[in-house]
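Overview (structure and organization)
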Amino acid sequence: GWDKHSGQPLTPVLSWQECRARQLCDWTDQQRAEIKQLTGLHPSPHHGASKMRWWLDNSAVVKQAAVEQRLQLAPLASYLAMALTRTPNQSRPTARADASTAQRTLLWNRHTQDWDDRLLSRFAIKRAWLPATAPCLDAWGTLQLAGLAIPGRFVGGDQGCGHFGGGQPDPGCVTINLGTGGFISLPASATSTAPPGLLLSLASSDHDSQQWMIEGTINGAGAALSWLQQRYPDTDLQLLFRQPLQPQPGLFLNAVSGLGSPFWRNDLNSTFIDSQTLSQRYSAVIDSILFLIQIQLDRLQQAGYGLERIELAGGLAQAQGLAQRLADLTRIPVLSVAQQSEAERSDSSLTSQTQPTIQRRADSNSEMTARGLAYLLAGQPQHWNEISDQPAATVLNPTNNPDLQQRYQRWCEQIKQWLNQQY
């Protein structure tokens, strides 16, 4: 939050990983269904509304600003867009919230395209404390940098931009972007229905149209490796990053930063099963990420969505063996858009399982969010792949891996027991 008159921050920033206000999200099934119908999202303390309410309940400075009618509550993107840009007369722009980020607060109605009075009432947040909403693609002021005047044209979420990292996604093509967290996206429409536990998210918008996606989230992707590194501070996990994964690593029940879709639990502690050595635990963490992907793809397929290809990107996608293991588990061809193709890696067993490089443009540095943003700012040109200067990528076809399939089934059984034991 900040002072709407002076622009001065009133609170520190709360990360999406912060769930200190989880008790505010203790809703009935009927209430959860209503919130999902209005917002497209699964109610979770990872979203912004409970964080705003927490500040209102626990910060004297925020309470006083509310009383004096100078309080502004909004996502960080809104504050940065306001604070870093200027209008043509060099004044600070009025704060606004882009539609994609506004949706993530749990206060934005996807049908009316505005803040929703029922949702505001649920969290006891006044509309006057929130900025107006705007499309992602809009005039967002001018950034003065190094003597240049750079027009602000887009404000939105990284997961939405990553959805367009390879250009316009094809129907049936799942995009998976693995960074600190992981995002799974599939093209959708405003009238699509997300499978249980998954989200209907606004990827981008302008004044004339919106683009939606079915989204799944994995909170503990790269964050899970950071969690593991903290437990082995004397060992550099980067040494394992380029080594083959263990064939029988045991299991990891991954609740790092909370268990995201399709389970949505924030009260669990991560645990290893039959995994003892560091190399086993590293491989079990990688497998847990793949298993969390698979269970969400299962939900999509059960809901009737046809999945023909996976496009994989993000820093974590460069881990040795991960892309081939993903193809084996999902039984869907995987287009690897990490910095190096599996065929180029030194491990001969992986090299023999890959097909020749195909001539498709892909991301040489795994930065799908930046490439997706470039595509949106360029006006979503039809021939983006020919003009975006991306090198070729590699497609990996599934191979028979019964041990991996069996471990996934065992993981599913352990997850069911784990969740039931935690109630």
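To be clear, the structure that these remarks concern was listed above.
The following refers to the structure shown. (Residues numbered from 1 in each chain as written. Predicted model: local features only at pLDDT ≥ 70, side-chain atom pairs only at ≥ 80, totals over all residues. Heavy atoms only, no water.)

Attention now moves to the pattern of salt bridges. Tallying each qualifying case throughout the model produces 15 salt bridges. Linking R118 and D116 is a salt bridge whose minimum nitrogen-to-oxygen distance equals 3.1 Å. R118 sits in the partly exposed class, given a relative accessible area of 48%. Overall, the relative accessible area of 5% leaves D116 in the buried class. Here R265 makes a salt bridge to D267, at a shortest N to O gap of 2.9 Å. (Salt bridge = Lys/Arg side-chain N within 4 Å of Asp/Glu carboxyl O. Buried < 20%, exposed > 50% of the residue type's maximum accessible area, 1.4 Å probe, protein only.)

Moving on to helix α2 (residues 48–58). Across the 11 residues of α2, nine count as buried, placing the element largely inside the fold. Turning to α2, its buried residues number three or more, namely G48, A49, S50, K51, M52, R53, W54, W55 and L56. Looking at the buried positions of α2, the neighbouring elements they touch are α3 (60–67), β2 (71–72) and α6 (117–123). (Helix = DSSP H or I, 4+ residues; strand = E, 2+ residues; numbered from the N terminus. Contact = heavy atoms within 4.5 Å.)

With that settled, consider the packing of aromatic side chains. Applying the stated criterion across every chain, the model contains 11 aromatic pairs. A ring pair is formed by Y375 and W384, whose centres lie 5.5 Å apart and whose planes are at 70°; its orientation type is edge-to-face. By way of ring pairs, the aromatic residues F164, Y375 and W384 are connected into one cluster. The ring of W55 has R20 sitting right over it, with the charged end atom 6.0 Å from the ring centre. (Phe/Tyr/Trp six-rings, centres within 6.5 Å; stacked < 30°, edge-to-face > 60°. Lys NZ or Arg CZ within 6 Å of the ring centre and 35° of its normal.)

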